[in-house]
Amino acid sequence: MDSRQAKEILTRYRPGTDDAADPEVAEALEQSRRDPELGRWFEQHLAYQTAIRERLRQLPVPAGLKEKILAGKIAVEMPDGWPQPVFQVLAAAAMIALTIGLAWFWLQPGERKSFAAFQNRMVRNAQRGYAMEITTTNLDEIRRYLAAHEARADYVLPAALEKLPGDGGAVLRWQNKKVAMVCFDSGNHNDLYLFVVPRSDLPDAPVTVEPQFSRIGKLTAASWSAGDKTYVLAGNGDEQFLRKYLGP
């Protein structure tokens, strides 16, 4: 796991919970201890989370709210003396939580739209299994399906990968942009997942055709860019295993 992947995982980390028991989170925490820059960011992240919790704890609770809810009363007296239904009180709390969530999102837009976030989302979902929108061994049929649904179908496959039979395909979404996904059958029920997206949709996408390898959960991912497209190939194997499908 590199620091970009660790940062994406730690963005979802909640102090004071059992998140650290997750092996993936534990690995990300260890990476934050090895990387000083990531460690400084993580300290700021924890401080932000702590500040949010403190602000929530300071929100005033109308007197007797719990008892009135349990008693089945649907109205409580708000500070200004206007009667308000309990559901409005709860809606106000939900709005506060939504505002906090939106603030967190907009404070870190780069994190949400980064290539690391894209790669992490696509590959981790592959581990859980994608629902194929088209199931066929014919790669041309998959390409035509993607084109018909306005996903990038003009991708160029490495020769070794093009020799594999297909398994299916789908049009996925990332930041409201379409992602073409092609699944290949490499034998023994071991699928390879290829994700293709316009390079312009990822501000920090790989800049060369030389693949970059990273381990994401149980899968290995190879990422590269060629022309105006960025590719991510993920499979259940190591770097050497994936390289077999990236050459001529």
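Just so it is clear, the structure is predicted and the values come from calculations on it, not from any experiment.

Comments concerning the nonpolar core
Taken as a class, soluble globular proteins show a tendency for nonpolar side chains to be buried jointly. Core analysis: the largest hydrophobic core is formed by 25 residues, its most contacted members being Leu146, Tyr155, Leu161, Val182, Phe184, Leu192 and Leu194. Where this core is concerned, the elements lending two or more residues are helix 8 (139-148), strand 4 (177-185), strand 5 (191-198), strand 7 (219-226), strand 8 (229-235) and helix 10 (239-243). Take this core: its biggest share by element is 4 residues, from helix 8. Those residues within four positions of Tyr155 in sequence are excluded, and the remaining contacts are Ile142, Arg143, Leu146, Val182, Val196, Lys229 and Tyr231. Val123, Cys183, Tyr193 and Ala221 belong to the second largest nonpolar core, which has 23 residues in total.

Structural notes on the sheet that holds strand 3 (residues 166-174)
Pairing in this open sheet of 6 strands is antiparallel, and the strands run 3-4-5-8-7-6 from one edge to the other. In the strand order of this sheet, the two ends are held by strand 3 and strand 6 (212-216), each with one partner. Strand-to-strand twist across the sheet, computed as the mean angle between neighbouring axes with direction ignored, equals 20°. Summarising the sheet, strand 4 and strand 5 pair through 6 bridges and their orientation is antiparallel. Bridge assignment links Phe184 to a residue of strand 5, and that residue is Leu192. Each of strand 3, strand 4, strand 5, strand 6, strand 7 and strand 8 touches helix 7 (residues 115-128); the most contacted strand, strand 7, lies at about 135° to it. Against the sheet, helix 8 touches strand 3 and strand 4, its axis set at about 20° to strand 3.

Reading the values: rules and limits
Residues numbered from 1 in each chain as written. Predicted model: local features only at pLDDT ≥ 70, side-chain atom pairs only at ≥ 80, totals over all residues. Heavy atoms only, no water. Core = buried A, V, L, I, M, F, W, Y, C linked by side-chain atoms within 4.5 Å. Buried < 20%, exposed > 50% of the residue type's maximum accessible area, 1.4 Å probe, protein only. Helix = DSSP H or I, 4+ residues; strand = E, 2+ residues; numbered from the N terminus. Contact = heavy atoms within 4.5 Å. Pairing = 2+ DSSP bridges. Axes fitted to C-alpha atoms, helices over the stretch in contact; angles between N-to-C directions.

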